[in-house]
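# Structural characterization, general
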Amino acid sequence: IKKSSLKKLSKLLKKREADLLMSLHLTSREKKINKMKQLKKEYFFEGKKLNILFKFLNTRGRNVVYYPWSFIINRKFLIENKIYFKHKIKMHEDQLFTAKTLCSAKKIIICKDIFHIHEERVGSLRRSMGSIAMKSCLETMNELCKILKSENLNDEKRFFLNMRLDYMIKYLKLYLIA
């Protein structure tokens, strides 16, 4: 990470009064390099333009990584929207946090700059199986369904949440056969 880049990103967040600044991560390094060259430095989504962002996330869902570690989030936004990690969910809590954050945000900046590189460890919790993993998966799915019932979601956000549920169902199937 370049020196003072977080300071620059923080200023950008404040300048645009955005709820969320999101680094655009792609799943493979080769795709990332090619895609990043084509991007502008930043994109700003607000109001009806948020639908464009969700269409992008929905169509490129398997190639784009959007997890909390690729966000810089306005603290005031988190407090006002009561977004936090649920203590009872030990795994997949990031799925719920990400869904709530993206669906609640009114102003989002997508930034070409990468401010965090996530590396998974072989023994990480994500690779765990057993009753805790299954319970967390079910709790996360239940919470995602509660968000889906919300009346103020448009079709793009509903589709996004359904994709998150499909993702969780794949894990649930793994836990059931393990």
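The rules behind the values
Residues numbered from 1 in each chain as written. Predicted model: local features only at pLDDT ≥ 70, side-chain atom pairs only at ≥ 80, totals over all residues. Heavy atoms only, no water. Helix = DSSP H or I, 4+ residues; strand = E, 2+ residues; numbered from the N terminus. Buried < 20%, exposed > 50% of the residue type's maximum accessible area, 1.4 Å probe, protein only. Contact = heavy atoms within 4.5 Å. Areas by Shrake-Rupley, 256 points an atom, 1.4 Å probe, with all protein chains shown as cover. Phe/Tyr/Trp six-rings, centres within 6.5 Å; stacked < 30°, edge-to-face > 60°. Lys NZ or Arg CZ within 6 Å of the ring centre and 35° of its normal. Polar contact = N/O pair within 3.5 Å; in protein donor to acceptor, adjacent residues only side chain to side chain. Pairing = 2+ DSSP bridges. Patch = residues over 30% accessible without salt bridge, like charges linked within 9 Å, V, L, I, M, F, W, Y side chains within 5 Å. Salt bridge = Lys/Arg side-chain N within 4 Å of Asp/Glu carboxyl O.

Counting secondary structure elements, the chain contains seven helices and six strands. The secondary structure elements of the chain, listed N-terminal to C-terminal, are α-β-β-α-β-α-β-β-α-α-β-α-α. Counting all 178 residues of the chain, 43% fall into the buried class. Sequence separation of at least 24 residues holds for 82% of the intrachain contacts in the chain that already meet a minimum separation of 6. Accessible surface, the chain as shown: approximately 11,200 Å² in total, 55% of it carbon and sulfur.

Once that is clear, we can look at the packing of aromatic side chains. Taken as a whole and assessed by the stated rule, the structure comprises three aromatic pairs. Look at Phe85 and Phe97: their rings are 4.3 Å apart centre to centre, the planes differ by 5°, and that puts the pair in the stacked class. Residue Phe85 is located in the loop between α4 (75–80) and α5 (93–104), and its partner Phe97 is located in helix α5; the two are separated by 12 residues in the primary sequence. Positioned above the aromatic ring of Tyr84, the side-chain terminus of Lys100 is 5.7 Å from the ring centre. Positioned above the aromatic ring of Tyr167, the side-chain terminus of Arg164 is 5.0 Å from the ring centre.

Tracing the sequence through the fold places Thr101 in helix α5. On the accessibility criterion, Thr101 (0% relative accessible area) is buried. A distance of 2.7 Å separates a polar atom in the side chain of Thr101 from the backbone oxygen of Phe97.

A word on the environment of Pro68. With respect to the helices, strands and loops of the structure, Pro68 is situated in the loop between β4 (64–65) and β5 (71–73). Here Pro68 is in contact with Phe85, Asp94, Phe97 and Thr98, once residues within four sequence places are set aside.

So, about the environment of Asp19. Relative to the helices and strands, Asp19 resides in the loop between α1 (5–15) and β1 (20–23). Among the residues examined, Asp19 registers a relative accessible area of 14% and is labelled buried. For Asp19 and Lys107, which are 88 residues apart along the polypeptide, the C-alpha to C-alpha distance reads 5.5 Å. Discounting residues that sit within four places of it in the chain, Asp19 has contacts with Leu13, Ile72, Ile73, Asn74, Phe77, Ala105, Lys106 and Lys107.

Below, the discussion takes up the pairing of β1. In β1, alternate side chains face the same way, and those of Leu20 and Met22 on one face and Leu21 and Ser23 on the other are all buried. Examined bridge by bridge, β1 and β5 share three bridges and lie antiparallel to one another. Of the residues in β5, the one forming a bridge with Leu21 is Ile72.

There is a patch of nonpolar side chains on the surface, built from Leu174, Leu176 and Ile177 and spanning about 330 Å² of accessible area. Summarising the element assignment, Leu174 is placed in helix α7 (residues 155–177).

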